[in-house]
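Structure assessment
Listed below, chain by chain, are the residues.
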Amino acid sequence: MLNMSSTKICILQMGYCHFDTAQIYGSEPALGNALNKAISNGLVEREDLFVTSKLWGSNHHDPVSALDQTLNNLGMEYVDMFLVHWPVRLKPWVFNPLPNEEDFEQLDLETTWEGMERCLELGLCRGIGVSNFSCTKIERLLDYASIIPAVNQVEMHPMWRQNKLRAFCKDYNIHVSAYSALGGPGNYWGSTAVVQNPIIQSIALKHNATPAQVALRWGLSKGASVIVKSFNKERLKENIGALNVELEDDDLLEIKQIEQWKIMRGEYYVNRTTSPYRTIQDLWDGEI
Ligand SMILES: NC(=O)c1ccc[n+]([C@@H]2O[C@H](COP(=O)([O-])OP(=O)(O)OC[C@H]3O[C@@H](n4cnc5c(N)ncnc54)[C@H](OP(=O)(O)O)[C@@H]3O)[C@@H](O)[C@H]2O)c1
């Protein structure tokens, strides 16, 4: 049986180099521990890794201190990318991915973004960006930002293709990073709909690939970086194998016909009293 750190070393040997974490996931210490071990064993150099972490809603008032804490958790001097996790501000003591109605504070993205820019100036990160931001929210942010977000990390897979957002981000040179690139099968909020989609399955069959590989390759073909999670060594190998799958124009056209479905709707950040978002449509500015 593999222990956590040997699994992580195998991951590096498979070719993974981008690691996505966040303070709210609780995974920063384990990730930092495994990566630092691999660095000190000479398996990899820090410069060859790309580590992303994220600012939780309860830290919007002080991104610099939050990133200090993240670096402390990771045992690293910098992260490659630091993202505003959600356009949601919570009371400073709330450390819960599913906040209660009384946990919300008034959103002030201008001040939060100033703090993010300060993180970059201080050299605590090499890039700053956002996550779960609509085109509308980015457009507003661009009115006051001195530094344009480098990344918007959003749900993206063959059933939620983000056409409008991708075109918008391209205009501003903002990289789109695709989370739940398989639709999050097995997650409490996720779905098997992507990997079980008949069109994805038939394209997989045609290329002697797996449905997951087709979904991941589709994201890559759209210029996104794809963030996929697995605790299973065989599926980790399978997923990196997506790099060897070639999709044809016909495949992409077929995928374009699949009915769209946003799986991660963010209903936990919507309420009628304290959240800035009364409805799910408000949260995404009608872009769903
Ligand atoms: N910014 C945000 O708000 C946000 C939100 C969600 C996620 N994320 C990031 O994105 C990462 C991935 O997202 P996710 O976990 O939601 O979605 P995902 O990667 O689409 O789905 C993960 C699930 O898929 C299963 N899986 C992995 N490879 C598979 C394969 N080849 N075939 C079939 N099933 C497979 C995994 O199970 P096994 O472990 O059993 O393989 C796991 O249960 C997260 O870890 C996080 O870093 C960010």
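This report concerns the structure included in the present document. This is a predicted model, so every value here is computed, not measured. (Residues numbered from 1 in each chain as written. Predicted model: local features only at pLDDT ≥ 70, side-chain atom pairs only at ≥ 80, totals over all residues. Heavy atoms only, no water.)

Quick look at the overall build of the chain
Helix and strand content of the chain: eleven helices and seven strands. Along the first, second and third principal axes, the C-alpha atoms of the chain reach 50 × 50 × 35 Å. Scored against the burial criterion, the 288 residues of the chain give a buried share of 52%. Here the contacts in the chain between residues at least 6 apart in sequence split such that 70% fall between residues at least 24 apart. With an accessible surface of roughly 13,600 Å², the chain has 49% of that area assigned to carbon and sulfur atoms. (Helix = DSSP H or I, 4+ residues; strand = E, 2+ residues; numbered from the N terminus. Buried < 20%, exposed > 50% of the residue type's maximum accessible area, 1.4 Å probe, protein only. Contact = heavy atoms within 4.5 Å. Areas by Shrake-Rupley, 256 points an atom, 1.4 Å probe, with all protein chains shown as cover.)

Considerations on the pairing of strand E5 (residues 151–155)
Along any regular strand, the residues point their side chains to alternate faces of the sheet. Among the five residues that make up E5, five are buried, leaving the element largely enclosed by the rest of the structure. As paired strands, strand E4 (residues 128–131) and E5 are joined by two bridges and run parallel to one another. Directly across from Val-130, in E5, lies its bridge partner Asn-152. As a crossover connection, the stretch from E4 through helix H5 (residues 135–144) into E5 is right-handed. (Pairing = 2+ DSSP bridges. Right-handed = clockwise from strand over helix to strand, strands pointing away.)

With respect to the pattern of salt bridges
Using the criterion set out here, one finds ten salt bridges in the structure. Across the pair Asp-285 and Lys-137 runs a salt bridge whose closest N-O atoms are separated by 2.7 Å. Of this pair, Asp-285 sits in the segment after helix H11 (280–283) while Lys-137 sits in helix H5, placing them 148 residues apart in sequence. Judged by relative accessible area, Asp-285 falls into the partly exposed class, the value being 23%. For Glu-248, the salt bridge is made with Lys-206, and the minimal N-O distance between the two is 3.2 Å. Of this pair, Glu-248 sits in the loop between helix H9 (233–240) and helix H10 (249–256) while Lys-206 sits in helix H7 (residues 198–206), and the two are 42 residues apart along the sequence. A relative accessible area of 41% places Glu-248 in the partly exposed class. Lys-206 sits in the partly exposed class, given a relative accessible area of 46%. (Salt bridge = Lys/Arg side-chain N within 4 Å of Asp/Glu carboxyl O.)

Digging into the environment of Phe-104
Position of Phe-104 relative to the elements: it lies in the loop between strand E3 (81–84) and helix H4 (109–121). Residues Phe-104 and Thr-273 lie 169 residues apart in sequence; the distance between their C-alpha atoms is 9.3 Å. Look past the residues within four positions of Phe-104 in its chain and what remains in contact with it is Val-88, Arg-89, Leu-90, Lys-91, Pro-99, Tyr-268, Tyr-269, Asn-271, Thr-274, Ser-275 and Pro-276.

Observations regarding the sheet that holds E3
A sheet is described by the order of its strands in space; here seven strands give the open sequence E1-E2-E3-E4-E5-E6-E7, paired in parallel fashion. The sheet terminates laterally at strand E1 (18–20) and strand E7 (225–226), the two strands that pair on one side only.

Quick word on the pairing of strand E2 (residues 50–55)
Counting buried positions over the six residues of E2 gives five, a clear majority of the element. In terms of strand pairing, E1 meets E2 through three bridges, oriented parallel. Residue Phe-19 lies in a different strand from E2, and its bridge partner there is Val-51. Between the parallel pair E1 and E2, the chain is carried across by helix H2 (residues 28–40), and the sense of this crossover is right-handed. The pairing of E2 with E3 spans four bridges and is parallel. Within E3, the residue paired with Lys-54 across the bridge is Leu-83. The parallel pair E2 and E3 is bridged by helix H3 (residues 63–74), and the resulting crossover is right-handed.

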